[in-house]
Amino acid sequence: MICLHQSEMTQKLEKVMSSFNIEQDIKDEIKSVMKENSNVESAFISFDTPSKLNQYAIENMGMVEPTEYILNNDQDVKTASMQYIPIIKTIEKLLNHEDVLSYVMNNHKSNDGVLRDICDVTNPIGHAVKKYKIGAFYMLLANLPPKYRSQLHVIQLVAMVEAIHLKTFGFKKVLQPLIQDLKVLENNGIIIHKPEGEISIQGSIIALSGDNLGAHAIGVFVENFTTLRCCRFCFIPRPQLQVCINCENLPLRTREMYDQQVNNCCK
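Please read all numbers here as calculations on a predicted model, not as lab measurements.

Participant: It is not clear to me how the pattern of salt bridges should be interpreted in this structure. Could you clarify?
Facilitator: Opposite charge on two side chains lets them pair, provided their charged atoms get close. The final tally for this structure, using the stated rule, is 1 salt bridge. With a closest N to O distance of 2.5 Å, lysine 194 and glutamate 98 form a salt bridge. Taken as a pair, lysine 194 in strand S6 (residues 190-194) and glutamate 98 in helix H6 (residues 98-107) lie far apart in primary sequence, 96 residues in all. Judged by its relative accessible area of 14%, lysine 194 falls in the buried class.

Participant: Is there a simple way to explain the packing of helix H8 (residues 163-174) against helix H9 (residues 176-187) in this structure?
Facilitator: Think of two packed helices as two axes; the pair is described by the angle between the axes and how far apart they sit. Direction vectors running N to C along H8 and H9 enclose 10 degrees, while the axes themselves pass 7 Å from each other. By the angle between their axes, H8 is roughly parallel relative to H9. Contact with H8, carried on its side by Lys172, Lys173 and Val174, involves Gln176, Pro177 and Ile179 of H9 and no other residues of that element. Taken together, the residues of the contact of H8 with H9 break down into 3 nonpolar, 1 polar and 2 charged.

Participant: Even after reading the chapter, I still don't get the packing of aromatic side chains, so can you show me in this structure?
Facilitator: The geometry of an aromatic ring pair is captured by the separation of the ring centres together with the interplanar angle, meaning the angle of the planes. Here the structure, examined in full by the defined rule, presents 3 aromatic pairs. Consider the rings of phenylalanine 137 and phenylalanine 171, whose centres lie 6.4 Å apart with planes at 80 degrees: the pair is edge-to-face. With a gap of 34 residues between them, phenylalanine 137 in strand S4 (residues 132-141) and phenylalanine 171 in helix H8 connect regions that are remote in the sequence. Judged by relative accessible area, which is 15%, phenylalanine 171 ranks as buried. The ring of phenylalanine 235 has arginine 253 sitting right over it, with the charged end atom 4.4 Å from the ring centre.

Participant: Before we go on, may I ask you to explain a negative patch on the surface in this structure?
Facilitator: Residues Glu23, Asp25, Asp28 and Glu29 make up a contiguous surface patch of negative charge. Assignment of secondary structure puts glutamate 29 in helix H2 (residues 24-35).

Participant: I keep staring at the layout of surface pockets and nothing clicks. Help me out?
Facilitator: Over the atoms, a rolled probe matching the size of one water molecule traces out where space is still vacant. Its boundaries defined by the atoms lining it, the largest pocket holds a volume of some 510 Å³. Taken together, 19 residues form the lining of the largest pocket, with Thr90, Leu94, His97, His153 and Gln156 sitting closest to its centre. Of all the elements in the fold, those that place two or more residues in the lining of the largest pocket are helix H5 (87-95), H6 and strand S5 (156-162). Each residue belonging to the lining of the largest pocket can be placed in one class, and the counts come to 12 nonpolar, 5 polar and 2 charged. If you add up the space inside the second largest pocket, you get close to 340 Å³. As for the second largest pocket, its lining consists of 16 residues, of which Phe221, Val222, Arg253, Tyr258 and Gln261 are closest to the centre.

Participant: Sorry if this is basic, but what is going on with the confidence of the model for the chain here?
Facilitator: For residues with low pLDDT, the predicted coordinates do not support detailed interpretation. Averaged over all residues, the pLDDT of the chain is 80; the fraction at 70 or higher stands at 83%. Note on residues 123-130: pLDDT is under 50 here. Beyond four places in sequence and across chains, it has 2 contacts.

Scoring rules and cut-offs
Residues numbered from 1 in each chain as written. Predicted model: local features only at pLDDT ≥ 70, side-chain atom pairs only at ≥ 80, totals over all residues. Heavy atoms only, no water. Salt bridge = Lys/Arg side-chain N within 4 Å of Asp/Glu carboxyl O. Helix = DSSP H or I, 4+ residues; strand = E, 2+ residues; numbered from the N terminus. Buried < 20%, exposed > 50% of the residue type's maximum accessible area, 1.4 Å probe, protein only. Axes fitted to C-alpha atoms, helices over the stretch in contact; angles between N-to-C directions. Parallel < 35°, antiparallel > 145°, perpendicular 65-115°, else oblique. Contact = heavy atoms within 4.5 Å. Nonpolar A, V, L, I, M, F, W, Y, C, P; charged D, E, K, R; others polar. Phe/Tyr/Trp six-rings, centres within 6.5 Å; stacked < 30°, edge-to-face > 60°. Lys NZ or Arg CZ within 6 Å of the ring centre and 35° of its normal. Patch = residues over 30% accessible without salt bridge, like charges linked within 9 Å, V, L, I, M, F, W, Y side chains within 5 Å. Areas by Shrake-Rupley, 256 points an atom, 1.4 Å probe, with all protein chains shown as cover. Lys, Arg positive; Asp, Glu negative; His and termini not counted. Charge placed at Lys NZ, Arg CZ, Asp CG, Glu CD. 1 Å grid on protein atoms, 1.4 Å probe; cavity = no way out; pocket = protein on both sides within 12 Å on 5 of 7 lines; lining within 4 Å. Points joined across faces, edges and corners; volume = space filled by probe spheres on them. pLDDT = per-residue confidence, 0-100.

Following this line, the structure appears as structure tokens:
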């Protein structure tokens, strides 16, 4: 936008100078001044392309680059992929901050939670374009004090994938890179290098949360909430969902009930 504005102003000045019969050497001097970068332009020269911006973020802001994983091996069809941001590298970056490391060490824990969500994304080229769903996975360190856990700057993006690929390939396939990193975190841990020596930290998932759609999808429950008994925790009828405020007396679902229902469906 700045360059376009500068070009337009230069053209207008040329017309004005021509109408006043200004000498050529003066015209050249004015053009030279107009071509000089302003302070605003100079500030953005270091990252005026996406690659420069990414490199700047990696070197100065601790950004962890995403890795693309191909989900299908069939070369005859359109490539299906997902983007994964390695949690090992993310946690290492977080623990390089003294305050975060202090929370982890003082609590003598190194657990991390994973938060899953499904969000609607609208194509920016227009409202008439059909919406498509993106599955997004996030994580946060549960060692942080509760007052920080709901703040956006402590919630880290882990992976993004088109929801249709989750349906096609399943969570086990899509989350394979995350599962591998979690195994490393649980069994081997990560090493944080400090001036006073190395610190070995292990961790695991302590909680999994999400909205109804995400929770039902990852739990392989029915993703249709128009059925009579759509709650995955109890047997409350759908008409009572909006009026029931006390769940103590409701018949709860159990693992045995789920197993029995699955067996009945498989017969």
